Amino acid sequence: MAGMAKHSIIRCQDLSIGYQNKKKVAVIASGIDFSITQGTLVSLVGSNGIGKSTLLKSLTAMLPTLSGSLQVDGIEIIDYSPLALATKLSVVLTQTPASKSLTVLELVSLGRQPHTNWMGSLSQNDKEIIYQALEDTDLADLKNKNCFELSDGQLQRVYIARALAQDTPLIVLDEPTTHLDLYHRASIVTLLKRLTQEKNKTILFSTHEIDLAIDISDKMLVMTPQKIIFDSPQNLIEQGTFNLLFPNDLVVFDKKTGRFSVT
Amino acid sequence: MIRHTKNNRLVILLSGLLVVVACVNISLGSVAIPVQEIFNSIVDTPSKSSWHYIITNYRFPKAITAIIAGSGLAISGLLMQTLFRNPLAGPFVLGLSSGASLGVAILILGAGVISGIFSTFLLNPWSLVIASALGSFLVLLAVLAATLKVKDTMAILIIGLMFGSLTGALVAVLSYFSNAEQLQQYIFWSFGSLGNQTWQGISILSLCFVIGLVLSIFSAKSLNALLLGESYAKSMGLKIKKNMLVIIIATSILAGGITAFVGPIAFIGLAVPHLTRQFVKTSNHFVLIPAVALSGAILMLVCDTIAQLPGTVYTLPINAITSVVGAPVVIWLLVRKRKLIF
């Protein structure tokens, strides 16, 4: 399309995802079509076990796709070397058994790995990017703390700062608001919103907080058992898409309030 | 950066301490030799030729073996703790030492099956090292393959333990079918000993150590990334399989090679990385590797100095001393911190 003002950072065409081994193929979702432009905040919602994590793993090349096209910044994802992809795409994963003896500064500095030499030595430019990432996430005062001294909300910000230090146009986060209270959930998503607006980052995150996602996202990916729908929150509300998310016996979506309620 | 110079100073301090401990180690023994004479025997002929003989033929080789064994085992422990992200990992716990023992047992005890000239060829130091390193490499590979299937850090320890018992059982079967002389040879090896190394043996040992150390240093950046787990490491552009293989090879060459010469030595690999983390306040492997290597060498020399019971003719088995020193240290750390920082 010639009139497209913004550059598409991730694009799927007729994509199928799932798990494959020698014996069988388990398709989780197929016919996935969407395109995310630069500087957009996109949330991915869907019920438990629908395959949100599988989709994120496929989009971040941790899981090979089954068929169709998946392009990151105009190039097929399988054509990237691991190192080249690491300069396009960074991730924030659900808590892994990572070492918590690292200091905040050390953990955030690890984000520079794709850009440094074999010794990982940091240039002046690397250090500036690291300090900027700490500033952007309000962590400058905590930089010498060990990670085991931090609260869950602070730790989540540290991982976001690490992704920022990796300095990629696209950041993918897997349930960044889990285990956080309302205030800290809001602080994380407003941080993400700010990064898309001020730093022109493209951010895709999965979440169970549908209300919060509707309020803040530019676009939403809604995973239903039938298909994956990509649109703006307003359009999705009008089309009644959110009622396809869950069985209708316990919760219904109210178009007027834009909220779920228990029947 | 302040942190940087502080770490440099620490490495220099540890190196100094190592020299002091090495001098004490060489000078003490059944016969006490003045420290002055140690320097004399390096640059010049010492005043008493018997001292010179003891130093060059007995104490120097033993001190060098202790330094290499201590730092090599400590590095291999560090690599495994990071690779498996498990504070309890170490060459002994994960069954690496058992794997090495099995390799050596097959060589020594199995040599009886193939008799004659062939068996003397089998028992030269090179084949001992290869058998031992191969044994630990295979066990480590099996443990890693199992952990890739079972994504649980506790399961790794159980799997390591199982491999340990399995190889122990195989060694027992082998012992049953071998003659008294071979059995004695194997049992003496399994007690662990730093002494009685030939200079040829020491040069093979040094070669293993240098290869293992170089591979570890080249893996330091990937080890730092692995602190965040495999998925993060991969997302930062690391070629996971290749890097893990290099780390495993380094570990097996270090643990396997050292075990071949000095026997299975307990606790150094597990305890030294934890001890070092108490005073090195960083998880950066470019700092940790040299610090752990120096601390391992120092602790091993101290253990050896105690083992030779200065002033007496008795020498205790080194394995007993490392356990007596190592076990309380780990317990003390756990009780004091209420958890292991890792």
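For clarity, every value in this text was computed on a predicted model and none was experimentally measured. (Residues numbered from 1 in each chain as written. Chains lettered and ligands numbered in written order. Predicted model: local features only at pLDDT ≥ 70, side-chain atom pairs only at ≥ 80, totals over all residues.)

1. Comments concerning the overall build of chain A
Here's step 1: Within chain A, the secondary structure is distributed over eight helices and 12 strands.
Here's step 2: For a compact globule of 263 residues, the expected C-alpha radius of gyration is about 18 Å, and chain A comes in at 19 Å, within 12% of that figure.
Here's step 3: Its C-alpha atoms put chain A at 55 × 45 × 40 Å along the principal axes.
Here's step 4: Residues classed as buried in chain A amount to 39% of the 263 residues present.
Here's step 5: Across chain A, the fraction of contacts at a sequence separation of at least 24, relative to all contacts at a separation of at least 6, is 66%. (Helix = DSSP H or I, 4+ residues; strand = E, 2+ residues; numbered from the N terminus. Rg over C-alpha atoms; globule rule 2.2 N^0.38 Å. Buried ≥ 20, exposed ≤ 12 C-beta atoms within 10 Å, placed from the backbone. Contact = placed C-beta atoms within 7 Å.)

2. A few points about the overall build of chain B
Here's step 1: Helix and strand counts for chain B come out as 15 helices and zero strands.
Here's step 2: The globule rule puts the C-alpha radius of gyration for 342 residues at 20 Å, and the 20 Å found for chain B is close to it.
Here's step 3: Counting only C-alpha atoms and orienting by the principal axes, one finds that chain B spans roughly 65 × 60 × 35 Å.
Here's step 4: By the burial criterion, 49% of the 342 residues in chain B qualify as buried.
Here's step 5: Within chain B, counting contacts between residues at least 6 apart in sequence, those at least 24 apart form 80% of the total.

3. A look at the interface of chain B and chain A
Here's step 1: Counting residues at the interface gives 24 residues for chain B, matched by 23 residues for chain A.
Here's step 2: Contributing elements (two or more residues each) for the side of chain B that touches chain A: α10 (220-226) and α11 (230-235) of chain B.
Here's step 3: Considering every element that reaches the side of chain B that touches chain A, the biggest residue donor is α11(B), with four residues.
Here's step 4: Taken together, the residues of the side of chain B that touches chain A break down into 10 nonpolar, nine polar and five charged. (Nonpolar A, V, L, I, M, F, W, Y, C, P; charged D, E, K, R; others polar.)

4. Thoughts on the sheet that holds strand β9 (residues 219-223) of chain A
Strands belonging to one sheet form pairs held by backbone hydrogen bonds; the direction of such a pair is parallel or antiparallel.
Residues and elements named next belong to chain A.
Here's step 1: Read from one edge of the open sheet, six strands run β6-β7-β8-β3-β9-β10, paired in mixed fashion. The outermost strands of the open sheet, each flanked by one partner alone, are β6 (89-92) and β10 (228-231). Across the sheet, the mean angle separating the axes of adjacent strands is 15 degrees when strand polarity is ignored.
Here's step 2: For strand β7 (residues 170-173) and strand β8 (residues 202-206), the ladder comprises four bridges, and the chain directions are parallel. From the neighbouring strand, Leu170 faces β8, where its bridge partner is Thr202. (Pairing = 2+ DSSP bridges. Axes fitted to C-alpha atoms, helices over the stretch in contact; angles between N-to-C directions.)

5. Re the domain arrangement of chain A
Residues and elements named next belong to chain A.
Here's step 1: According to the domain assignment, chain A consists of domain 1 (1-88 + 169-263) and domain 2 (98-167).
Here's step 2: Here domain 1 and domain 2 have C-alpha centroids that lie 25 Å from each other.
Here's step 3: With 11 residues of domain 1 at the interface, the matching set in domain 2 holds eight residues.
Here's step 4: The element that contributes the greatest number of residues to the side of domain 1 that touches domain 2 is helix α6 (residues 182-198), accounting for four residues.
Here's step 5: Looking at side-chain class alone, the side of domain 1 that touches domain 2 contains seven nonpolar, four polar and no charged residues. (Domains from an automatic or database assignment.)

6. Let's talk about the pairing of β8(A)
Residues and elements named next belong to chain A.
Here's step 1: Buried residues dominate β8, accounting for five of its five residues.
Here's step 2: Where burial is concerned, the two faces of β8 agree: the one with Thr202, Leu204 and Ser206 and the one with Ile203 and Phe205 are both buried.
Here's step 3: The pairing of strand β3 (residues 41-46) with β8 spans four bridges and is classified as parallel. Residue pairing for β8: Ser43 is matched across the bridge by Phe205.
Here's step 4: Between β7 and its parallel partner β8, the chain crosses via α6, and the hand of that crossover is right-handed. (Right-handed = clockwise from strand over helix to strand, strands pointing away.)

7. What to know about unusual backbone geometry
Here's step 1: Located in the positive-phi region is A:Asp167, a residue other than glycine, with phi close to 60 degrees.
Here's step 2: Of note in the backbone geometry, A:His179 takes a positive phi value of approximately 70 degrees without being a glycine.

8. Looking at the packing of helix α13 (residues 268-279) of chain B against helix α14 (residues 285-307) of chain B
Residue and element names in this part refer to chain B.
Here's step 1: Where α13 meets α14, the closest approach of the two axes is 9 Å, and the angle between their N-to-C directions is 120 degrees. Our classification of the angle between α13 and α14 gives oblique. Relative to α14, the crossing made by α13 is right-handed. Here Ile268, Val272, Pro273, Leu275 and Thr276 of α13 come into contact with α14, specifically with Leu288, Ala291, Val292, Ser295, Gly296, Leu299 and Met300.
Here's step 2: For the contact of α13 with α14, the residue count by class is nine nonpolar, three polar and no charged. (Parallel < 35°, antiparallel > 145°, perpendicular 65-115°, else oblique. Left-handed = near helix turned anticlockwise from the far one by under 90°.)

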